[in-house]
Amino acid sequence: MKDKHYLMIPGPTPVPPAVVAAMCAPMIGHRSEDFQALHKNIVAKLQKLFQTRNEIFILTCSGTGGMESAVANTVSPGDKVLTLAGGKFGERWTELARQYGAEVIEEKITWGTCVDPQVVEERLAQHPDIKVVFATQNETSTGVVNDIESIGRIVAKTPALLVVDGVSGVGGIEIKVDEWHIDILTTGSQKSLMLPPGLAIQSVSPKAWKVIEENKSPRYYFDLLKARKQYAKWNTAYTPAVSLFIGLNASLDLLFEEGLDNVYARHKLLRDATRAAVRAMGLQLMTEDSCASPVVTSVYAPEGIGADDIRKVLRQEFGITFAGGQAQLKNKIFRIAHMGYAGKMDVMVAISGLEMALHRLGYPVELGAGVRAAQQVFLGVQQ
Ligand code: PMP
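Residues numbered from 1 in each chain as written. Predicted model: local features only at pLDDT ≥ 70, side-chain atom pairs only at ≥ 80, totals over all residues. Heavy atoms only, no water.

Novice: Teacher, can you tell me more about the sheet that holds strand β3 (residues 80-85) here?
Specialist: For sheets, the rule is that strands pair by backbone hydrogen bonds, running either parallel or antiparallel. Strand order in this open sheet of 7 strands is β2-β10-β9-β8-β5-β3-β4, and the pairing throughout is mixed. Each edge of the open sheet is held by one strand with a lone partner, namely β2 (55-60) and β4 (103-108). The average angle at which neighbouring strand axes cross in this sheet is 20 degrees, direction not considered. The pairing of β2 with strand β10 (residues 199-204) spans 6 bridges and is classified as antiparallel. Of the residues in β10, the one forming a bridge with L59 is A200. Each of β2, β5 (130-136), β8 (161-165), β9 (184-188) and β10 touches helix α3 (residues 63-74); the most contacted strand, β10, lies at about 35 degrees to it. Helix α9 (residues 242-258) contacts β2 and β10 of the sheet and is inclined by roughly 65 degrees relative to β10. (Pairing = 2+ DSSP bridges. Helix = DSSP H or I, 4+ residues; strand = E, 2+ residues; numbered from the N terminus. Axes fitted to C-alpha atoms, helices over the stretch in contact; angles between N-to-C directions. Contact = heavy atoms within 4.5 Å.)

Novice: How should the packing of aromatic side chains be read in this particular structure?
Specialist: How two aromatic rings sit relative to each other is set out by the distance from centre to centre and by the angle between their planes. Scanning all chains against the criterion turns up 9 aromatic pairs. Consider the rings of F57 and W209, whose centres lie 5.8 Å apart with planes at 80 degrees: the pair is edge-to-face. With a gap of 152 residues between them, F57 in strand β2 and W209 in helix α7 (residues 206-214) connect regions that are remote in the sequence. Owing to a relative accessible area of 3%, F57 belongs among the buried residues under this scheme. (Phe/Tyr/Trp six-rings, centres within 6.5 Å; stacked < 30°, edge-to-face > 60°. Buried < 20%, exposed > 50% of the residue type's maximum accessible area, 1.4 Å probe, protein only.)

Novice: How should the side chain of T136 be read in this particular structure?
Specialist: As for its position among the elements, T136 is in strand β5. T136 gets classed as buried once you look at its relative accessible area, which sits at 3%. Residue contacts for T136: discarding those within four places in its chain leaves L84, F89, G90, W93, N146, I148 and D165.

Novice: It is not clear to me how the environment of I310 should be interpreted in this structure. Could you clarify?
Specialist: Here I310 shows up in helix α11 (residues 307-318). Separated by 47 residues in sequence, I310 and A357 place their C-alpha atoms 6.0 Å apart.

Novice: Hey, could you run me through the pattern of salt bridges in this one?
Specialist: Opposite charge on two side chains permits them to pair, given that their charged atoms come into close proximity. Inspection of every chain in the model, using the stated rule, returns 16 salt bridges. Measuring nitrogen to oxygen at the nearest pair gives 2.5 Å for the salt bridge that ties E107 to R123. Highlighted residues: E107 in strand β4 and R123 in helix α5 (residues 117-126), separated in sequence by 16 residues. The pair formed by E107 and R123 is uniform in burial state, with each residue classed as buried. Notably, a salt bridge pairs R372 with E366, separated by 3.8 Å at the nearest N-O pair. Beyond isolated ion pairs, a larger network of salt bridges with shared partners links R275, R279 and D289. (Salt bridge = Lys/Arg side-chain N within 4 Å of Asp/Glu carboxyl O.)

Geometry only, nothing functional implied.
Take a look at the structure:
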């Protein structure tokens with residue numbers, strides 16, 4: 001038998017059987033009343049998840065498409081924008097904004113650390129003409145979660161918009177769009193939302209609409225004004241990924257059945273167990289506890305062992321896939337996702353597999369040390 005596979009990367013993530021089953025439903029027309037009812041129902045659930053009264057658009061594209069939509073609709077050539085770049089996805093905001101002709105002030109944040117909100121306040125004071133601040137809720141490349149609430153409080157006092165990439169965090173990490181003053185929150189289907197890739201979902205605030213209405217950048221597929229016209233009738237401008245909409249409805253039901261507070265607490269528990277296990281194995285975590293992501297944990301490979309060799313043994317011998325490091329972190333770190341459809345025993349599989357892979361590669365790991373540390377976290381017993 002081919003080894004059973006354990007996909008533990010920060011997207012695409014495993015899809016729950018109930019969601020897979022829902023997506024096998026027969027096709028419906030996207031201009032039908034059935035679709036309109038489905039669309040309306042999903043948006044009401046998304047508004048609960050996002051904690052917003054804003055309109056929410058479900059776009060058929062990957063997460064980056066949603067990011068491009070946010071930029072294309074808010075950035076006109078020559079506009080000054082601030083990007084908070086503490087990883088590959090923060091840098092994507094910089095690249096996108098430059099493509100749309102923005103004058104970009106890129107705040108470089110040391111990878112593995114989170115944004116200091118004070119810096120945002122300083123940059124906005126230095127450049128009162130900043131039109132948009134682009135931030136990342138969960139920086140997947142490093143495993144850092146940023147304090148969007150504090151950043152939002154600062155940006156809200158200025159004319160600037162706050163646009164947040166929630167691609168990997170939304171559904172696993174709490175987000176409060178209205179209370180935290182997020183003008184555009186954009187996310188993706190294939191991560192904490194437990195769906196296959198193919199949808200980007202974004203909310204738009206009244207403050208953002210004013211900018212969007214005056215925006216000069218060319219856009220066609222991603223024109224939110226066109227989307228808004230159709231949204232009024234619960235239609236989409238172009239043919240949506242109907243099956244993914246049906247799946248999204250089912251995955252949102254799973255989140256609400258569990259209860260959002262429980263979902264967020266589960267992810268934090270998985271993070272704590274993973275981090276305790278990594279420490280017990282004598283490995284080094286990439287992030288401080290204070291900004292450690294609840295959905296993905298980045299770990300440095302031990303001295304003299306390539307992170308990609310560890311990943312290779314895990315995959316070939318144990319059927320476990322971890323993600324590697326990106327850009328300058330390539331072969332230096334591996335990333336363990338505990339995102340979306342993930343529970344305690346997924347962490348046990350990940351940690352026990354990691355111990356065996358390290359042993360194979362000659363690292364002096366005490367077999368069972370990481371497993372025991374994770375068990376102690378789950379059982380709530382003293383370490
Ligand atoms: N932002 C973040 C935080 C992400 O994790 C990702 C995907 N890894 C993206 C954006 C890009 O999404 P996609 O690959 O779906 O275009």
